[in-house]
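Fold and geometry: a report
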Amino acid sequence: MEKPFGHDYESARALNSRLGEVFREDQIYRIDHYLGKETVQNLLVLRFANGIFEPLWNRSHVAEIQITVAESIGVETRGAYYEEAGALRDMMQNHLLQLLCLIALEPPVTFDAGPVHDEKNKVMRAIRPIDPRKVDEVALRGQYGPGFVGGKQVPGYRQEKGVAPDSKTETYAALRLTVDNWRWAGVPFYLRTGKRLAKRVSEIAIRFHRTPHMIFHRDPAGGVDPNELVIRIQPDEGVALTVAAKMPGPDLKLLPVGLDFRYGEVFGAEPPEAYERLLLDAVHGDSTLYARADWVEQAWSLLGPVLDAWAHDGAPAPYLYETGSWGPAEADSFIARDGGAWRTP
Ligand code: BG6
């Protein structure tokens, strides 16, 4: 099955129970094509086949996590579908929450469907529920206006075919989530996704704490950025770790440099299409990289308060952003409330 798996918690439950009348859960394959992407699978290999990352993968060392899934295209020919969906339903409820789960989950006993799904569900249960009265503190939405792409003028979302001229559907969404468990207590997870943004890029950035004391400068900020591990899902698939290095010369000047692994350079060929892998897994009866019914319901349930708040008649319209930008200016103040800033991928 391809998404959408319902449009809210109730409809997803109804769909799952209808399916359950005909098939067993292990006969149902719900596709989330992000799980079939090579780099997404590599995320688990990076975490659990290397000894050096897991000891750092927790609140003692990680300061914050940012997940970005940015697209440069608009809604193209899918205006009518998108009007009913919006970025929260189209991308956040599935792809971005799946990525969050893979980053945050505890080591599964084996890389098999049961253990992996169980660990992902535990993450979902640990995400702090969104208080319906405080949705604005954890969620922000935007909508693209007209602009230029590659020198060509393109319409704003409200001028797209199949879209209402006064549409309040969001084409950009940002969330601030917290995973309330021993590993992640206090670490903010920032998620953002949008169409017609500056470029097509999906990445997960894990920012580590600053060094406790900087011996190279008197200024505590010291001009040295904290280490960052960036998992680039697409394009230019790879993994990069930024570290501080000394610039050659008589002065002790520090500069962030990247320890870089690029798929293209190491393995040459383009990674296979996500669907190729997923369909093959379905043929083999392996649902590890598929979405299980209970996970889908939990994801809807988590986002319910945001969906309700945004669907409310009196809700303010989404913030407008310029085509080709990194989203509405308000998204910057949204993250700045915690003292942070969005990365520029
Ligand atoms: C789909 C959404 O699930 O993912 C689309 O419905 C979106 O709106 C697409 O464009 C993005 O996928 P990818 O693989 O191009 O990042």
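Above this note sits the structure.
Residues numbered from 1 in each chain as written. Predicted model: local features only at pLDDT ≥ 70, side-chain atom pairs only at ≥ 80, totals over all residues. Heavy atoms only, no water.

**Re the packing of aromatic side chains**
- By the definition in use, this model includes 11 aromatic pairs.
- Judged by centre distance (5.0 Å) and plane angle (85 degrees), the ring pair of Tyr29 and Tyr290 falls under edge-to-face. Here the residue Tyr29 occupies a position in the loop between α1 (9-22) and α2 (38-48), and Tyr290 occupies one in the loop between α7 (274-283) and α8 (293-311), the gap between them amounting to 261 residues. Comparing Tyr29 with Tyr290, the two get one shared label, buried.
- The interplanar angle of 90 degrees and the centroid separation of 6.2 Å between the aromatic rings of Phe261 and Phe267 together place this pair among those described as edge-to-face. (Phe/Tyr/Trp six-rings, centres within 6.5 Å; stacked < 30°, edge-to-face > 60°. Helix = DSSP H or I, 4+ residues; strand = E, 2+ residues; numbered from the N terminus. Buried < 20%, exposed > 50% of the residue type's maximum accessible area, 1.4 Å probe, protein only.)

**Notes on the pairing of strand β2 (residues 139-144)**
- Summarising burial for β2: six of the six residues are buried, a large majority.
- Burial along β2 is two-sided: the residues Ala139, Arg141 and Gln143 and Leu140, Gly142 and Tyr144 are all buried.
- Two strands pair when backbone bridges link them, and β2 and strand β5 (residues 172-178) are joined in this way by four bridges, in the antiparallel orientation. Along β5, the bridge assignment pairs Ala139 with Leu175.
- Bridge count between β2 and strand β11 (residues 319-321): three bridges; the pairing is parallel. (Pairing = 2+ DSSP bridges.)

**Thoughts on the sheet that holds strand β6 (residues 188-194)**
- An order of β10-β9-β8-β7-β1-β6-β5-β2-β11 is seen for the nine strands of this open sheet, with the pairing classed as mixed. At either end of the open sheet lies a strand with only one pairing partner, and these are β10 (254-262) and β11. Strand-to-strand, the axes of this sheet are offset by a mean angle of 20 degrees, without reference to chain direction.
- Pairing of strand β1 (residues 62-70) with strand β7 (residues 201-208), which is carried by eight bridges, proceeds in the antiparallel orientation. Residue pairing for β7: Thr68 is matched across the bridge by Glu203. (Axes fitted to C-alpha atoms, helices over the stretch in contact; angles between N-to-C directions.)

**Quick word on the site of the ligand**
- Taken together, Lys3, His33, Tyr34, Lys37, Glu71, Arg78, Asp90, Met91, His95, Lys195, Arg200 and Gln234 are the residues near the ligand.
- In this structure, Lys3 approaches the ligand through a side-chain N or O atom, which is 2.8 Å from an oxygen atom.
- Side-chain polar atom of Asp90 to an oxygen atom of the ligand: 2.6 Å apart, as the coordinates give it.
- Burial of the ligand by the protein chains amounts to 82% of its free accessible area of 400 Å². (Near = heavy atom within 4 Å. Polar contact = N/O pair within 3.5 Å; in protein donor to acceptor, adjacent residues only side chain to side chain. Areas by Shrake-Rupley, 256 points an atom, 1.4 Å probe, with all protein chains shown as cover.)

**Looking at the pattern of salt bridges**
- If you walk through the whole model with that rule in mind, you get 22 salt bridges.
- With a closest N to O distance of 3.4 Å, Arg47 and Glu54 form a salt bridge. Judged on exposure class, the residue Arg47 and its partner Glu54 are both buried.
- Across the salt bridge formed by Glu54 and Arg183, the nearest N and O atoms sit 2.8 Å from each other. Residue Glu54 is located in the loop between α2 and β1, and its partner Arg183 is located in the loop between β5 and β6; the two are separated by 129 residues in the primary sequence.
- Since its relative accessible area comes to 13%, Arg183 is described here as buried.
- Each of Glu203, Arg207, Glu228, Arg232, Asp236 and Arg343 takes part in salt bridges that share partners, so that together they form one network. (Salt bridge = Lys/Arg side-chain N within 4 Å of Asp/Glu carboxyl O.)

**Overview of a nonpolar patch on the surface**
- On the surface, a nonpolar cluster with roughly 310 Å² of combined accessible area is contributed by Ile215, Phe216 and Leu252.
- With respect to the helices and strands, the residue Leu252 is situated in the loop between β9 (238-246) and β10.
- With relative accessibility at 43%, the residue Leu252 sits in the partly exposed group. (Patch = residues over 30% accessible without salt bridge, like charges linked within 9 Å, V, L, I, M, F, W, Y side chains within 5 Å.)

**Section: the nonpolar core**
- With 82 residues, the main nonpolar core has Leu100, Leu177, Phe189, Leu191, Ile204 and Ile206 as its most contacted residues.
- In terms of residue count, helix α3 (residues 79-104) provides more of this core than any other element does, 13 residues in total.
- In this structure, Ile206 is in contact with Trp57, Val62, Glu64, Ile65, Ile103, Asn227, Glu228, Leu229 and Ile231, ignoring residues within four places of it in sequence. (Core = buried A, V, L, I, M, F, W, Y, C linked by side-chain atoms within 4.5 Å. Contact = heavy atoms within 4.5 Å.)

**Side note on the pairing of β7**
- Of all the eight residues making up β7, seven are buried; the element is thus mostly covered by neighbouring parts of the structure.
- In the sheet, β7 pairs with strand β8 (residues 228-234) via six bridges, with the strands oriented antiparallel. Note that in β8 the partner of Ser202 across the bridge is Gln234.

Functional significance is not addressed by these values, which are geometric in nature.
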